[in-house]
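Next come the chains, spelled out residue by residue.
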Amino acid sequence: MYKVALCDDEAVHLEDLRDMLDMYQEQRPDCELEIECFASAEALLIRVREQDYEPHLLLLDIYLQKEFGIAAAKELRSMGNKSQIVFITSSQDHALEAYRVQAAQYLVKPVKEEELFQILDRLLQEERRETLRYLVLRTEGRVSRVAIDRIVFCEAQGKNQKLHLADGEELLLHMTMTEIFGLLSDYPQFVKVGASYIVNLDCVVSLNARKLVIEPETNIHLPRGSYQPLKERYFKYYCDDR
């Protein structure tokens, strides 16, 4: 679900943007948007401040009656909000100020469907690429977003699995090894070693018939029969997959 917020104090412009977004969804069945409309910057800021609302994308009019749109964007940034912001404007006079609040784009009124759709395509593609870099895992009563490149290896511990991360952090997961490998199997750097380990090949320092060494200085003793397929997968990863 991709969250989009629209903020414009002119009802006709809000309605036009909403109609364009509905049309965008109709033309792209794999895209699901959750759209909220705000008639003022104040209403938007209250929603963010009191309900911890953070849309992926904010389409924000610069010339609001009661508050300058860029001032609202600055307040959002001061609250730590990281939404992509696209300013809707009748002038490009404020390009420098928009840059200072990390605006993704300007759209000049009247907004053209083609221009809006191109921006949405680009931002959705960036969001999908970003999502692929993380796993969202439930760990000991909380939900953690774990960067793929931080995972060093995973080991079975009874009915649980322990995830070892690059900075030494360890996460205990109430999942099966099969479930975790299902999440990681799309990433070529991860390989299953016997029934008890999943290893990030980017972190392997060396391996032989008895053990593999993972940085920083962690030894995993290889189960019988696992060395040859592991060696083949290791060389394939570094020679063929890249």
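Look up a bit, the structure's there.
Definitions and cut-offs
Residues numbered from 1 in each chain as written. Predicted model: local features only at pLDDT ≥ 70, side-chain atom pairs only at ≥ 80, totals over all residues. Heavy atoms only, no water. Pairing = 2+ DSSP bridges. Helix = DSSP H or I, 4+ residues; strand = E, 2+ residues; numbered from the N terminus. Core = buried A, V, L, I, M, F, W, Y, C linked by side-chain atoms within 4.5 Å. Buried < 20%, exposed > 50% of the residue type's maximum accessible area, 1.4 Å probe, protein only. Contact = heavy atoms within 4.5 Å. Salt bridge = Lys/Arg side-chain N within 4 Å of Asp/Glu carboxyl O. Arc of directions from axis to C-beta.

The pairing of strand β8 (residues 151-157) with strand β12 (residues 197-200) spans three bridges and is classified as antiparallel. Paired with E155 across the two strands is Y197, which belongs to β12. For strand β11 (residues 190-193) and β12, the ladder comprises four bridges, and the chain directions are antiparallel. Opposite V193, over in β12, you have Y197 as the bridge partner.

Time to look at the nonpolar core. Core analysis: the biggest nonpolar cluster contains 23 residues, and V4, L6, L21, L33, L57, L59 and L116 have the highest contact counts within it. Looking at this core, the elements with two or more residues in it are β1 (2-7), α1 (11-27), β2 (33-38), β3 (57-61), β4 (84-89) and α5 (113-131). In terms of residue count, α5 provides more of this core than any other element does, six residues in total. If sequence neighbours within four positions are ignored, L57 has contacts with Y2, K3, V4, A5, Q84, V86, L120 and L123. Among the nonpolar cores identified, the runner-up in size contains 19 residues, and C7, I70, L76 and Y106 belong to it.

In this model, K109 is joined to P110 through a cis peptide bond whose omega is -10 degrees. The phi dihedral of D52 falls on the positive side, at around 55 degrees, and the residue is not glycine. If you trace the backbone, D52 turns up in the loop between α2 (41-51) and β3. A relative accessible area of 70% means that D52 is categorised as exposed.

Moving on, we come to the pattern of salt bridges. Tallying each qualifying case throughout the model produces eleven salt bridges. Taking the shortest distance from any N to any O, the salt bridge between D22 and R18 comes out at 3.6 Å. Taken together, the residues D22 and R18, both in helix α1 and four residues apart, mark about one turn of the helix. Among the residues examined, R18 registers a relative accessible area of 32% and is labelled partly exposed. For R150, the salt bridge goes to E169, with nearest N and O atoms at 3.0 Å. Here R150, found in the loop between β7 (142-147) and β8, pairs with E169, found in the loop between β9 (160-165) and β10 (170-173); they are 19 residues apart in sequence, far enough to count as distant.

Of all the residues in helix α3 (residues 69-78), the buried ones are G69, I70, A72, A73, L76 and R77. In a view along the axis of α3, the buried residues occupy a sector of 155 degrees, so they form one face of it. Following α3 by one or two positions, G80 has its phi on the positive side, about 90 degrees.

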